[in-house]
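Okay, here's what each chain looks like letter by letter:
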Amino acid sequence: MKIIQEIYTNDDHQWAVIARDTQKPPYLIDTNEYVISIDSQLMLTDPGGLEIFAEVFTTLSESFDPTAIKYIFASHQDPDIVSSLALWLEVNPKLRCYISWLWSSFIPHFGGVEDTIIPIPDEGMKIQLGSKSLEVIPAHYLHSSGNFQLYDPQAKILFSGDIGAALLPPDNKNIFVENFDEHVQYMEAFHKRWMPSNRAKNDWCQRISNYDIDMLCPQHGSIFKGDDVKKFIDWFANLEVGITK
Ligand code: FE
């Protein structure tokens, strides 16, 4: 069973995280899904794999109407990100999935019809959800060749995909990072191996420093909040990536 926790709320504007599957088989990587609700319209970020669809659906249904999911946002193409697409389309056949144009002819292998995918151009775009506008920020080669993040300027939340991801031991159930220095051990090897380009990494660190971010929310591991957001960006800027050890 997964945990659902509200991380931001302001009038009819809400973010919740669905995280930590306590009964997940050990051979599956754990994932975080985020639900954004604005004026009763829902967006689900990186909804997860086929294997965990039932847990995500049940947990989400405790607090939200799953048929109100209008959009899925997929940061990239990986199986733990979006292989559940066909099952979400059974919940709402009209939902649309935003993903990089680069993956727009690959992802239909997971399901959908001709207009299910909304291709995101390389430079990013804005997505209107209810009365608010969300910003899609390029993060190419971090780690996928067509890779995006989602920024909510009102909530000051950056959904960062695999950037900031940590592989936590099973007994660590922290939704938020509690001790940054201790947390580094769970993300160092992941970022060195999965982020292939120092150039792309440095460019992202520079661009993202211009954004006002209260919470950096990765697809695996704990959320960075407050001062830990800047600590993470500084740590990542100084890390050499694209190496196997
Ligand atoms: Fe990935």
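Rules of the game
- Residues numbered from 1 in each chain as written.
- Predicted model: local features only at pLDDT ≥ 70, side-chain atom pairs only at ≥ 80, totals over all residues.
- Heavy atoms only, no water.
- Helix = DSSP H or I, 4+ residues; strand = E, 2+ residues; numbered from the N terminus.
- Buried < 20%, exposed > 50% of the residue type's maximum accessible area, 1.4 Å probe, protein only.
- Contact = heavy atoms within 4.5 Å.
- Salt bridge = Lys/Arg side-chain N within 4 Å of Asp/Glu carboxyl O.
- Donors = N, O, S within 2.8 Å, 3.2 Å for Na, K, Ca; no water.

**Here we look at the environment of M195**
Along the chain, M195 turns up in the loop between helix 5 (188-194) and helix 6 (198-208). The class for M195 is buried, based on a relative accessible area of 0%. Counting along the chain gives 46 residues from M195 to V241, while the straight-line C-alpha distance between them is 5.9 Å. Excluding residues that lie within four positions of it along the chain, M195 makes contacts with L142, H143, D162, I163, F190, F236, V241 and G242.

**A few points about the pattern of salt bridges**
Evaluation of the coordinates by the stated rule reveals six salt bridges. With a shortest N-O distance of 3.1 Å, D212 and K156 are connected by a salt bridge. Placement of the pair is D212 in the loop between helix 6 and strand 12 (215-218) and K156 in the loop between strand 10 (148-152) and strand 11 (157-161), with a sequence separation of 56 residues. According to the relative accessible area criterion, D212 is partly exposed, its value standing at 43%. Measuring nitrogen to oxygen at the nearest pair gives 3.0 Å for the salt bridge that ties D203 to R207. Note that D203 and R207 are positioned in helix 6 at a spacing of four residues, about one turn of the helix.

**Remarks on the coordination of the iron ion**
Around the iron ion, the donor atoms from the protein are H76 (NE2), D78 (OD), H143 (NE2) and D162 (OD), and they sit 2.0 to 2.3 Å away. Each donor residue of the iron ion lies on one chain, and together they are spaced H-x1-D-x64-H-x18-D. One end of the pair, D78, is in the loop between strand 5 (69-73) and helix 2 (79-82); the other, D162, is in the loop between strand 11 and helix 4 (180-183), with 84 residues separating them in the sequence. Classification of D78 by relative accessible area gives buried; the value is 16%.

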